[in-house]
Amino acid sequence: MGERRPEGPPDPSRRAFSVWLWRIPVLAALAGAGFGAREVWRVHFSKAAPADPPRFEAREPVSVAPLERFAAPWDAEAFVLAGLPCLAVRLPVAIPGSLVIAPADAAADAAADDDATVLAGFSRICTHLGCLVDLNLDPEAIAFAFNHRGDAPQLTCACHYSVFDPRRAGRVVSGPAVQPLPRVRLRLVHRDGVAMIEADGAEPPP
Ligand code: FES
């Protein structure tokens, strides 16, 4: 039988240390909850508005497509501007930074109706985490797959389901992205008698 050691008074420094050990998970949980609340607020209530007017930075001009490629609203063409994947799309309404072509300025074989042709260019790099956005033409599919109900095509990102409204200059209307899609500057040129759309500038990434 061993000799029993006499019990002394509890060590106050060990007691204080064990109390702090219990506080660590509580503080971690509070920090996590605070961060989560901040993210919820940021994602749902602080979507950034596109600049009006946009501040385009010049890029080496690239050809996008003949104007006749955009004969009807929502006709679109993908292209690359200085390494940036982009999309040009014909919109039913003008937005800040869009190219508005009066019927008299268009080639005879384009813009057959009497309305002006409104074209807008957007970066296809999602402002959330950088996946490629696509023009989604089916409002029902957007409502089902992206949880955003509307009445018009949208630019959608399949990675985390952000939705950008081209009629609102690329503003985020759903999903985790906060910043709008950078817009791309388009211009009309005539080459050998053919009306062409070119791109020559882009908003800087957010
Ligand atoms: S990368 Fe587009 S929503 Fe996340």
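Keep in mind the model is a prediction, meaning the values are calculated, not measured.

With that out of the way, let us pick up the overall build of the protein chain. Summing up its helical and strand segments, the protein chain has two helices and eleven strands in all. Relative to the 2.2 N^0.38 estimate, which gives 17 Å for 206 residues, the radius of gyration of the protein chain is 27 Å and therefore markedly larger than a compact globule would have. Summarising its shape, the C-alpha atoms of the protein chain cover approximately 110 × 35 × 35 Å along the three principal directions. Long-range pairs, those at least 24 residues apart, make up 57% of the contacts in the protein chain with a sequence separation of at least 6.

Where a strand is regular, its side chains alternate between the two sheet faces. In terms of strand pairing, strand β1 (residues 57-66) meets strand β11 (residues 194-202) through six bridges, oriented antiparallel. Bridge pairing in β11 places Ala58 opposite Gly201. Hairpin connection, strand β10 (residues 183-191) to β11: the antiparallel pair is bridged by two residues, and Asp192 has positive phi, about 55 degrees.

On to unusual backbone geometry, then. Going from Asp52 to Pro53, the amide bond is cis rather than trans, its omega being 5 degrees. Note that Pro53 resides in the loop between α1 (12-45) and β1. The phi torsion at Trp74 lies on the positive side, around 80 degrees, for a residue other than glycine. Relative to the helices and strands, Trp74 is located in the loop between β1 and β2 (76-81). The backbone of Tyr161 sits at a positive phi, close to 70 degrees, despite the residue not being glycine. Along the chain, the position of Tyr161 falls in the loop between β7 (154-157) and β8 (162-165).

Attention shifts here to the environment of Pro182. Mapped onto the fold, Pro182 is located in the loop between β9 (171-174) and β10. Residues Pro182 and Pro206 lie 24 residues apart in sequence; the distance between their C-alpha atoms is 7.5 Å. Excluding anything up to four places from it in sequence, Pro182 contacts Ser123, Ala202, Glu203, Pro204 and Pro205.

Attention now moves to the nonpolar core. With 34 residues, the main nonpolar core has Cys86, Ala88, Leu119, Phe122, Val184 and Leu186 as its most contacted residues. In terms of residue count, strand β3 (residues 84-91) provides more of this core than any other element does, five residues in total. When near neighbours in sequence (up to four residues on either side) are disregarded, Val184 contacts Leu81, Cys86, Gly121, Phe122, Ser123, Ala199 and Ala202.

This part is about the pairing of β10. Bridging between strand β5 (residues 117-123) and β10 involves two bridges; their strand directions are antiparallel. Across the sheet, Phe122 pairs through a bridge with Arg183, a residue of β10. In this structure, β10 lies alongside β11, joined through eight bridges in antiparallel fashion. Residue pairing across strands places Arg187 opposite Glu198, the latter belonging to β11.

What follows covers the sheet that holds β8. The strand order β6-β7-β8-β9 describes an open sheet built from four strands, whose pairing is antiparallel. Unpaired on one side and paired on the other, β6 (134-136) and β9 mark the two borders of the sheet. Strand-to-strand twist of the sheet, defined as the mean angle between neighbouring strand axes without regard to direction, takes the value 40 degrees. Most of the contacts of helix α2 (residues 139-146) go to β7, to which it runs at about 30 degrees, and overall it touches β6, β7, β8 and β9.

So, about α1. One turn of an α-helix holds 3.6 residues; hence residues three or four places apart share an orientation. Compared with the 50 Å implied by 1.5 Å per residue over 34 residues, the 48 Å span of α1 between its first and last C-alpha is a close match. α1 sits mainly on the outside: zero of its 34 residues count as buried.

What follows covers the environment of Tyr161. Under the C-beta neighbour-count criterion, Tyr161 is labelled partly exposed, with 17 such atoms within 10 Å. Along the primary structure Tyr161 and Ala145 are separated by 16 residues, whereas in three dimensions their C-alpha atoms are 7.8 Å apart. Not counting chain neighbours up to four residues away, the residues in contact with Tyr161 comprise Phe146, Asn147 and Gly175.

Moving on: the environment of Ala88. Considering the arrangement of structural elements, one finds Ala88 in strand β3. Classification of Ala88 by C-beta neighbours within 10 Å gives buried; the count is 24.

What counts and how
- Residues numbered from 1 in each chain as written.
- Predicted model: local features only at pLDDT ≥ 70, side-chain atom pairs only at ≥ 80, totals over all residues.
- Helix = DSSP H or I, 4+ residues; strand = E, 2+ residues; numbered from the N terminus.
- Rg over C-alpha atoms; globule rule 2.2 N^0.38 Å.
- Contact = placed C-beta atoms within 7 Å.
- Pairing = 2+ DSSP bridges.
- Core = buried A, V, L, I, M, F, W, Y, C linked by C-beta atoms within 7 Å.
- Buried ≥ 20, exposed ≤ 12 C-beta atoms within 10 Å, placed from the backbone.
- Axes fitted to C-alpha atoms, helices over the stretch in contact; angles between N-to-C directions.
- Expected span 1.5 Å × (residues − 1).

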